[in-house]
Each structure stands twice: as C-alpha cells, then as structure tokens.
Amino acid sequence: MAIATGVELAARFGYGARGFVYLSAGLIILLSSANLVEGAVGTRGAIAWLGIQPLGRTWLFLLGLGLSAFVGWRVMQAVFDADHEGRSWEGVNTRISQAFSGLGYGFLAISAFSLLIHTPPDPALAEARDGVDQARRVLSLPLGNWLLVGVGLCIGGVGVANVVRAWREDFTEYLACSVDLCRRVAPLARMGYMARGLAWLPLAALVIAAGLHAEATQVTGFGGALDAVDRQVAGPWLLGAGALGFIAFGIFSFIEARFRRIRPPREIVSA
C-alpha cells in the first residue's frame, strides 16, 4: 500500500511539473507576441528562463525531479500497462505514444538538471544555437541532409499526431471527477493538444528546408520557429492563440495532477 501511494504521489507530482512547464512557456510566448519580452521559447527554453529568475536553481531542481517522476509514470504506462490499454492495435499504439512521450520528457528532465550547472543568460538565443549545432552534427554524417529531412518529417508527424488527438480523443476517460467538471475541462485539453501540434509544424518545415538545402543555419530552436511565425502577416495573433493553447494544456495538466486515475501496476506494487 505504501508503494502504491508513493507511485501515485510521484505521478501527480509529475503531471504538476509538466503543467508548470507548459504554463510558463505559454506565458512567455504570450508576452513575446505582445512584444513585452524578447523572443518566444519552447518548453526547454521556458525551463531555462525559470532558471534565471529568483530562486532559479530551486525551480530547476524541483522541475527536474517532477519531470523525472513523470518519466517513471510513463514507463509504467508503456511497459507495465498501468492504464490497462491491452494488446489491441489501439492499445499498443497508445502505449508506444506514451513511451515516446516519456523519452521526450526524459530529455527535458536532463535539461533541467544540466541547467543547474550552467544557465544561459539568454534562453531563446541558446535554444537557437543548440538547434544549429545539432543540425550541423547531423549534416556531417553520411547522407546527413536526408537524415535531417527525416528528422523534420518526424517532427511534423508529431505535430500532426497531436492535432489528430485533439479532435479524436476523449480526454476525460481517465479523470475521476464529476460529469459537469469533466465536460468543462475537456476543451482545455483539446486546445492544448491542438496548439502543441500546430506549434511543431513551423519547426518541422525549417528542419526539412535545412536538410534539402544542406544548410544548418536554417535550423533554429522551437522558440525560433515561433518567432518566424510572429514575423508573418497576422503572426502575433497566431502566436497569441498558440500561447493560450499552451496555457490551456498547462492548466489541464494541473487538473490531471488532481483528478487523474492513477493505478500503479501490480508488478510494481507487489515487488
């Protein structure tokens, strides 16, 4: 029972950490769209931005712990089938998605801990430089330009998958809340997944173009791709809408932290 309670608390802490990251990123993007801060950032940039605020190292440490806890929960979902998805095609597909999600948040947790050692003074610029450096490493490999195109297509696939999920999924299925509350919070999840999906597409386009032209400097970070959107006609409005979607996803993550059904796998509880 103690193990089950610990797993549940860790998972809820993880959902809360995810919510805090997306809420922070959404607020920064919203301020950027209104020209109140310089440069939009993605989730990693948002963590770096928190690191340069008062009590920054405390924020980084807590977020690293929380995201690590979320990764652990994703492992239980994907490997031990904590949500009882089963072995049907749909169930296996869900568990594979959870595994890739866990991998992504694992990199984010590592970023949070690494920022404890060195926090860049300009998170947006550091994010863009990292994108260029990573693209150069890929382009230096045999058939590197086509590998970079493949990376761009994968990024685009993640974006499209999020958009499809926003339309198709029942986000209240795993929530232990009243029917009225579930009905009210479901639009937050749809807005959040839609915004996440659409936000990946500009970055995918830039990475694909960099691969086709074998030019690493065309690659940027997540925030840089959003800045490219901001420079277009009606860009600030589009960026503002995306920011609200990120904020909605953050709020929904907090709701999941409170109301999600957490069922620790028997393999873990009985160990």
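For the structure given in this document, a descriptive report is provided here. Every value quoted in this text rests on a predicted model; they were computed, and no experiment measured them.

The subject of this paragraph is the pattern of salt bridges. On inspection of all chains with the given rule, the structure shows eight salt bridges. A salt bridge links Glu 256 to Arg 18; the nearest nitrogen and oxygen atoms lie 2.5 Å apart. Separated by 238 residues along the polypeptide, Glu 256 in helix H9 (residues 235-259) and Arg 18 in helix H1 (residues 2-33) bring together distant segments of the chain. Exposure class is identical for Glu 256 and Arg 18. Each is buried. Of the charged contacts in the structure, one is a salt bridge between Asp 180 and Arg 183, with a shortest N-O distance of 2.6 Å. Placement of the pair is Asp 180 and Arg 183 together in helix H7 (residues 179-213), with a separation of three residues, close to one helical turn. When its relative accessible area of 33% is taken as the criterion, Asp 180 is described as partly exposed. The network of salt bridges with common partners includes Arg 18, Asp 83, Glu 256 and Arg 260.

Two measures define how a pair of helices packs: the angle their axes make with one another and the distance between the axes. Two elements in contact, H1 and helix H2 (residues 43-51), have axes separated by 8 Å at closest approach and are oriented at 90°. Judged on the interaxial angle alone, H2 and H1 are roughly perpendicular. Residue-level contacts link Phe 20, Val 21, Tyr 22, Ser 24, Ala 25 and Ile 28 of H1 to Thr 43, Ala 46, Ile 47, Trp 49 and Leu 50 of H2. Grouping the amino acids of the contact of H1 with H2 by side-chain chemistry returns nine nonpolar, two polar and no charged.

This part covers the side chain of Gln 98. Tracing the sequence through the fold places Gln 98 in helix H4 (residues 89-114). Not counting residues up to four positions away in its chain, the partners in contact with Gln 98 are Arg 74, Gln 77, Ala 78 and Asp 83.

Further remarks concern the packing of H7 against H9. With their axes 7 Å apart at the nearest point, H7 and H9 run at an angle of 130° to one another. Taken as axis vectors, H7 and H9 run oblique relative to one another. Along this stretch, H7 crosses H9, giving a crossing that reads as left-handed. Seen from H7, the contacting residues are Leu 181, Val 185, Leu 188, Ala 189, Met 191, Gly 192, Tyr 193, Ala 195, Arg 196 and Ala 199; seen from H9, they are Gly 242, Leu 244, Gly 245, Phe 246, Ala 248, Phe 249, Ile 251, Phe 252, Ile 255 and Phe 259. Looking at the contact of H7 with H9, its residues break down into 16 nonpolar, three polar and one charged.

About the thresholds
- Residues numbered from 1 in each chain as written.
- Predicted model: local features only at pLDDT ≥ 70, side-chain atom pairs only at ≥ 80, totals over all residues.
- Heavy atoms only, no water.
- Salt bridge = Lys/Arg side-chain N within 4 Å of Asp/Glu carboxyl O.
- Helix = DSSP H or I, 4+ residues; strand = E, 2+ residues; numbered from the N terminus.
- Buried < 20%, exposed > 50% of the residue type's maximum accessible area, 1.4 Å probe, protein only.
- Axes fitted to C-alpha atoms, helices over the stretch in contact; angles between N-to-C directions.
- Parallel < 35°, antiparallel > 145°, perpendicular 65-115°, else oblique.
- Contact = heavy atoms within 4.5 Å.
- Nonpolar A, V, L, I, M, F, W, Y, C, P; charged D, E, K, R; others polar.
- Left-handed = near helix turned anticlockwise from the far one by under 90°.

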